[in-house]
Structure formats: C-alpha cells, structure tokens
Amino acid sequence: MSYVEVFRADLIDNLRVNDHPLVNVVEVIVRLMSLLQIFLTYKNQYDSEQSRLCRANEGLEKAHYQIAAYNKNLERLVDSRTETIQNLNKKLIEYTYFNSHKTRAPLARIQGLLHIMKLKPTYKEDEDLRKVVDLTYNNSLELDNIIKQFSALLEMEISKSHEKAEHKQRMLAVEEDSTVMYKRSV
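It should be emphasised that the depicted structure is a prediction, and the values quoted were computed from it without experimental measurement.

1. Quick notes on the overall build of the protein chain
Then, in step 1: From N to C terminus, the protein chain includes five helices and zero strands.
Then, in step 2: Shown N-terminal to C-terminal, the secondary structure of the protein chain runs as helices and strands in the order α-α-α-α-α.
Then, in step 3: Across the 186 residues of the protein chain, 12% fall into the buried class.
Then, in step 4: Put simply, of all contacts in the protein chain between residues at least 6 apart along the chain, 65% involve residues at least 24 apart.

Structure follows, in structure tokens:
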C-alpha cells in the first residue's frame, strides 16, 4: 500500500462489514504503520533540515563576530588616523600663526627701519649706503613675499583639511541615517 492509498477515503469507506474482524484490524495496523513510516520519513527530513539550518546559523554567527571584530579594528584604525590628522592640523595652524606673526614681525620692523633710513639725508648723499639699503630692502620684500606665499599655502591646506573633515562628517551622518532606516525596516 503506498503513501497515497493510506489517505484515500474510499479505502476506509470500503471496509466490509462481512470481512473477518482480524482482516479489518490487520488493515488498520498496516495503515497505521504506513502513517508511521510517512511520519518517520518526514521527521528525518525535518531533523536533517533542522541540523543543516543550525550549522548554517552557526556559520552566520561566526561570520557576524568576525565582521564585528573587523569593524572594531577598522574603527580603531580610523580613530588613530583621525587623531594623527587632527594633530597635524594643529601643527599646521601653529606654523601658520608662527609664520604670520613671529617671522613677519621682525621682517616688518627691518623694512620699517630701512624705509626710515631712506628718508634720511645721508641715504641720498652716500651712494654705497644707498646700494646696501636698497639691496637689503629689496631682499626683505622678496623674503616677505615668500613668507606670505608660505602662509597662503598653509591656510589652503588647513582649509582643505577642514572641508574634508566636514564632508566626512556629512557622509557619516548620511550613513548613520541610512543604517537607522535599515534597522527600522528590518
């Protein structure tokens, strides 16, 4: 008797009243055994599928912990690099200040003194003095331009750094919003 025959209603309806009771009992036992065989087959399939799902779940959990560990390491690396960049930015700001105020101040004073010397009558009278003062003044202007260019470069680098940091902050905010939206949808 096949699995399908166990469930056919006409077989159950066709139990003959005149048949010997032992025949009817045997037929019921055979049908029960067929049902038991079907149950055990499906139970084995269920158990094997359950076992496969458990193994797959264990693999997913292991992968989840590995990814979490990688993320933690990446976060540490990003934090470390961010700290390094922030320290470099502070140094750039210090260099810019030093260059703009500490280096240019003495140079501006020298230029002022040279300008005062140009106003003196001895400047106009002494040709050697005039050459030295003019040469010194021209060199001080050249040095002043170099210092200004250097300051401008430092200011540009600081500005770029701030723009990159702001862009990164915006990207992290968008990413965080996307993550929150994903978590809500799940």
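2. Concerning the side chain of Gln111
Then, in step 1: Tracing the backbone shows Gln111 in helix α3 (residues 21-119).
Then, in step 2: Once residues lying within four places of it in the same chain are set aside, the contact partners of Gln111 are Tyr137, Ser140, Leu141 and Asp144.

3. A closer look at the confidence of the model for the protein chain
Then, in step 1: Averaged over the protein chain, the pLDDT score is 81; the fraction of residues at 70 or greater is 81%.
Then, in step 2: In the model of the protein chain, helix α1 (residues 3-7) stands out as the element of lowest mean pLDDT, 48, in contrast to α3, which has the highest, 89.

4. Things to note about the pattern of salt bridges
Then, in step 1: Overall, the coordinates contain seven salt bridges when judged by the stated rule.
Then, in step 2: Measuring nitrogen to oxygen at the nearest pair gives 2.9 Å for the salt bridge that ties Lys43 to Asp47. Within this pair, Lys43 and its partner Asp47 are both found in helix α3, separated by four residues, close to a single helical turn.
Then, in step 3: One salt bridge in this structure joins Asp134 and Lys118, with 3.9 Å as the shortest N-O distance. Of this pair, Asp134 sits in helix α5 (residues 127-185) while Lys118 sits in helix α3, and the two are 16 residues apart along the sequence.
Then, in step 4: Residues participating in the shared-partner salt-bridge network are Arg104, Asp144 and Lys148.

5. Here's the deal with a nonpolar patch on the surface
Then, in step 1: A contiguous nonpolar patch, built from Leu22, Val25, Val26, Ile29, Val30 and Met33 and spanning about 520 Å² of accessible area, is present on the exposed surface.
Then, in step 2: Overall, Val25 belongs to the partly exposed group, its relative accessible area being 44%.

6. A look at the environment of Lys118
Then, in step 1: Take Lys118: its relative accessible area is 23%, and that puts it in the partly exposed class.
Then, in step 2: Spatially, the C-alpha atom of Lys118 lies 8.4 Å from that of Asp134, the residues being 16 residues apart in sequence.
Then, in step 3: If we ignore the near neighbours within four places in the chain, the residues touching Lys118 are Tyr123, Val133, Asp134 and Tyr137.

Reading the values: the criteria
Residues numbered from 1 in each chain as written. Predicted model: local features only at pLDDT ≥ 70, side-chain atom pairs only at ≥ 80, totals over all residues. Heavy atoms only, no water. Helix = DSSP H or I, 4+ residues; strand = E, 2+ residues; numbered from the N terminus. Buried < 20%, exposed > 50% of the residue type's maximum accessible area, 1.4 Å probe, protein only. Contact = heavy atoms within 4.5 Å. pLDDT = per-residue confidence, 0-100. Salt bridge = Lys/Arg side-chain N within 4 Å of Asp/Glu carboxyl O. Patch = residues over 30% accessible without salt bridge, like charges linked within 9 Å, V, L, I, M, F, W, Y side chains within 5 Å. Areas by Shrake-Rupley, 256 points an atom, 1.4 Å probe, with all protein chains shown as cover.

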